[in-house]
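# Report on the structure
So you can see what is in the structure, the chains are spelled out below.
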Amino acid sequence: MVTGTMSSEMWDAIWVDAGLATLDLGIAAPFGRIEDGVIAVKDGRIAHVGARDDLPRPVEHMAAVVHDAEGAWITPALIDCHTHIVHGGHRAREFDLRLQGASYAEISRSGVGIRSTVMATRAASFEDLLVSAARRLEPLVSEGVTVVEIKSGYGLDLDTELKMLEVARAIGERMPVTVVTTFLGAHAVPAEFDGDADRYIDFVCDEVLPAAVERGLVDQVDAFCEGIAFSPEQVGRVFDVARLFNLPIKLHAEQLSDLGGSILAAEAGALSCDHLEFVGPDGIDALARSGTVAVLLPGAFFVLGKTTKPPIAAFREAGVRMAVATDCNPGSSPVTSLLTTMNMACVLFGLTPEEALAGTTREAARALGLAAERGTLAVGKAADFVLWRIQDPAELSYRIGFNPRIEVIRAGAPTLI
Ligand code: NIG
Ligand code: FE
């Protein structure tokens, strides 16, 4: 039950004259919408969500502060559940090579690709990484993102993997976002382990992941399961260590080919499986059975000029939940707009605007294991929401290059952006 009240004491603040796109599955209307809605907060949490007409007393008697939303739409704050936003350098030259016909896999096999970002990230100072990541994060924050997942995976040595995760944690302290860190040591085989992926996986499992966990730097564990990266067997070894530490897992799977990574991940109870352009029927069934979220990354599909799309109709049919994220990274998805990514999810993959918004709120929260806390406008959840100057929530997916955000509320208070 979302429409309801936490207690009868005064709320800290209430917003009136708003459309609420609650995204709550308990409200049957599209977007879980409540047309003439009110939302109240107390102690940083949502204390009330409902129709204005259902309030028992005048608002002035119910909340210390009354905000007039002047007809704005309010949605849960956005969540970018898959990024590689901390990295050194850029890959504009590689972009040029791809435009001349080289494929992402060819570039990767020639030792450029991810490895060039690894060199740049190893060479960058903590401060350089922090400043460059903060610059890329700013446009996302300005679009109402209050939770961002940040992966390691461009260090591939002990010091740099730790440095990346420390930068990610520092971003959470210095910017108005909650950061979820993901250890992605198994992203690529670094040059010093060339031709010996198994020995590199030993190093990740025995040294790097335990050291990062010991320092409290790891919220989740990810890997890249692909011909140009790691086999399901190698990924399985990383997952075994994650399990020892009780850490949730997720996987980059079936982006360029179908190795069955999604089945491995689903059977291991992964929170999410990401990319999935090449997932087959068995993978889809496995994801549906385990409740693993399919994280769609249309930015990478677009930038790499791919033609094989993730099987959206089959996901719907099987009841696989779908999230949408930027995959912000220097190689395959130099994208720093979640609203544009929602548009791409609709235009390129065929999501509905409602699915796209659910994908960056409710389902993105689920992909990070935060569904109980975030992702919908519901009593008891963190009071993170966005006021938008739009006439219909579908507009968030419809326009390109336009940011209708009025204000971002985080833990019940307006953020300065
Ligand atoms: O999600 N697929 C693997 N990793 C990233 C790309 C990394 C890179 O090219 O730098 C991705 O697309
Ligand atoms: Fe990625």
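What comes next is a walk through the structure. (Residues numbered from 1 in each chain as written. Chains lettered and ligands numbered in written order. Predicted model: local features only at pLDDT ≥ 70, side-chain atom pairs only at ≥ 80, totals over all residues. Heavy atoms only, no water.)

### Observations regarding helix H9 (residues 281-290)
- Within H9, burial applies to Gly 283, Ile 284, Ala 286 and Leu 287. Projection of H9 onto a plane perpendicular to its axis shows the buried side chains occupying an angular sector of 165°, all on one side. The outward face of H9, more than 90 degrees from its buried face, is lined by the exposed residues Pro 281, Asp 282 and Arg 289.
- On the buried face of H9, the contacting elements are helix H8 (261-267), strand S12 (272-275) and helix H11 (312-318).
- Residue Gly 291 follows H9 closely and has a positive phi angle near 70°. (Buried < 20%, exposed > 50% of the residue type's maximum accessible area, 1.4 Å probe, protein only. Helix = DSSP H or I, 4+ residues; strand = E, 2+ residues; numbered from the N terminus. Arc of directions from axis to C-beta. Contact = heavy atoms within 4.5 Å.)

### A few points about the nonpolar core
- One finds Ile 171 and Phe 315 to be the most contacted residues of the largest nonpolar core, which totals 101 residues.
- Sorting elements by how many residues they give to this core places helix H6 (residues 197-214) first, with nine residues.
- Excluding anything up to four places from it in sequence, Phe 315 contacts Leu 276, Val 279, Ile 284, Leu 287, Ala 294, Leu 296, Pro 310, Val 320 and Met 322.
- Within the second largest apolar cluster, 18 residues are counted, among which are Val 41, Ile 46, Ala 72 and Leu 377. (Core = buried A, V, L, I, M, F, W, Y, C linked by side-chain atoms within 4.5 Å.)

### Points about the packing of aromatic side chains
- Taken as a whole, this structure holds six aromatic pairs when the rule is applied.
- Both rings, one in Phe 193 and one in Phe 203, keep their centres 5.5 Å apart while their planes meet at 25°; by these two values the pair is stacked. Taken together, the positions of Phe 193 in the loop between strand S9 (178-186) and H6 and Phe 203 in helix H6 put the pair 10 residues apart, joining distant regions of the chain.
- Note on Phe 193: relative accessible area 11%, which makes it buried.
- Here a set of aromatic residues connected by ring pairs shows up, and it is made of Phe 193, Tyr 200, Phe 203 and Phe 230. (Phe/Tyr/Trp six-rings, centres within 6.5 Å; stacked < 30°, edge-to-face > 60°.)

### Quick word on the site of ligand 1
- Surrounding ligand 1, one finds 15 residues, the nearest of these being Arg 91, Tyr 104, Tyr 154, His 187 and Ser 332.
- Between ligand 1 and Gln 255, the relevant distance is 3.0 Å, taken from a nitrogen atom to a side-chain nitrogen or oxygen of the residue.
- Measuring from an oxygen atom of ligand 1, one finds a side-chain N or O atom of Ser 332 at 2.6 Å.
- Summarising the interface, the protein chains cover 100% of the accessible area of ligand 1, which totals 330 Å² for the free molecule. (Near = heavy atom within 4 Å. Polar contact = N/O pair within 3.5 Å; in protein donor to acceptor, adjacent residues only side chain to side chain. Areas by Shrake-Rupley, 256 points an atom, 1.4 Å probe, with all protein chains shown as cover.)

### Digging into the pairing of strand S4 (residues 45-51)
- Most of S4 is tucked away: five of the seven residues are buried.
- Of the pairings in the sheet, the one linking strand S3 (residues 33-42) to S4 comprises six bridges and is antiparallel in character. Bridging across to S4, Val 38 finds its partner in Gly 50. (Pairing = 2+ DSSP bridges.)

### As for the sheet that holds S9
- Pairing is parallel across the open sheet formed by eight strands, whose spatial order is S7-S8-S9-S10-S11-S12-S13-S14. At either end of the open sheet lies a strand with only one pairing partner, and these are strand S7 (78-80) and strand S14 (322-324). Neighbouring strand axes in the sheet, compared pairwise and without regard to direction, differ in orientation by 25° on average.
- Judged from the three bridges that link them, strand S13 (residues 293-296) and S14 form a sheet pairing that is parallel. Residue pairing for S14: Leu 296 is matched across the bridge by Val 324.
- Across the sheet, helix H7 (residues 232-244) lies against S9, strand S10 (220-225) and strand S11 (250-253), angled at about 175° from S10, the strand it touches most. (Axes fitted to C-alpha atoms, helices over the stretch in contact; angles between N-to-C directions.)

### Here's the deal with the coordination of the iron ion (ligand 2)
- Protein coordination at the iron ion (ligand 2): the donors are His 82 (NE2), His 84 (NE2), His 252 (NE2) and Asp 327 (OD), at 2.1 to 2.4 Å from the metal.
- The sequence pattern formed by the donor residues of the iron ion (ligand 2) is H-x1-H-x167-H-x74-D.
- What makes His 82 buried here is its relative accessible area of 0%. (Donors = N, O, S within 2.8 Å, 3.2 Å for Na, K, Ca; no water.)

### What to know about helix H5 (residues 158-174)
- In this model H5 runs 24 Å from its N-terminal to its C-terminal C-alpha over 17 residues, within 8% of the 24 Å that 1.5 Å per residue would give.
- Residues Thr 160, Glu 161, Leu 162, Lys 163, Met 164, Leu 165, Val 167, Ala 168, Ala 170 and Ile 171 constitute the buried set of H5.
- Residues of H5 that are buried sit in contact with helix H3 (113-123), helix H4 (126-142), strand S8 (145-151), S9 and H6. (Expected span 1.5 Å × (residues − 1).)

### So, a negative patch on the surface
- On the surface, Asp 17, Asp 36, Asp 53, Asp 54, Asp 68 and Glu 70 cluster together to form a negatively charged patch.
- Within the secondary structure, Asp 54 is located in the loop between S4 and strand S5 (63-68). (Patch = residues over 30% accessible without salt bridge, like charges linked within 9 Å, V, L, I, M, F, W, Y side chains within 5 Å. Salt bridge = Lys/Arg side-chain N within 4 Å of Asp/Glu carboxyl O. Lys, Arg positive; Asp, Glu negative; His and termini not counted. Charge placed at Lys NZ, Arg CZ, Asp CG, Glu CD.)

### Describing the packing of H4 against H5
- Contact geometry for H4 and H5: axes closest at 10 Å, N-to-C directions at 50°. It follows from the interaxial angle that H4 and H5 lie oblique. Crossing of H4 over H5 shows right-handed handedness. Contacts from Phe 126, Glu 127, Leu 129, Leu 130, Ala 133 and Leu 137 of H4 reach H5 at Lys 163, Glu 166, Val 167, Ala 170, Ile 171 and Arg 174.
- Each residue belonging to the contact of H4 with H5 can be placed in one class, and the counts come to eight nonpolar, no polar and four charged. (Parallel < 35°, antiparallel > 145°, perpendicular 65-115°, else oblique. Left-handed = near helix turned anticlockwise from the far one by under 90°. Nonpolar A, V, L, I, M, F, W, Y, C, P; charged D, E, K, R; others polar.)

### Focus on the pattern of salt bridges
- Scanning the entire structure with this criterion turns up 22 salt bridges.
- The closest approach of N and O atoms between Arg 115 and Asp 194, which form a salt bridge, is 3.1 Å. Placement of the pair is Arg 115 in helix H3 and Asp 194 in the loop between S9 and H6, with a sequence separation of 79 residues.
- Given the relative accessible area of 22%, Arg 115 is considered partly exposed.
- Notably, a salt bridge pairs Glu 395 with Arg 399, separated by 3.4 Å at the nearest N-O pair.
- Salt bridges sharing partners connect three or more residues here, namely Arg 321, Arg 362, Glu 363 and Arg 366.

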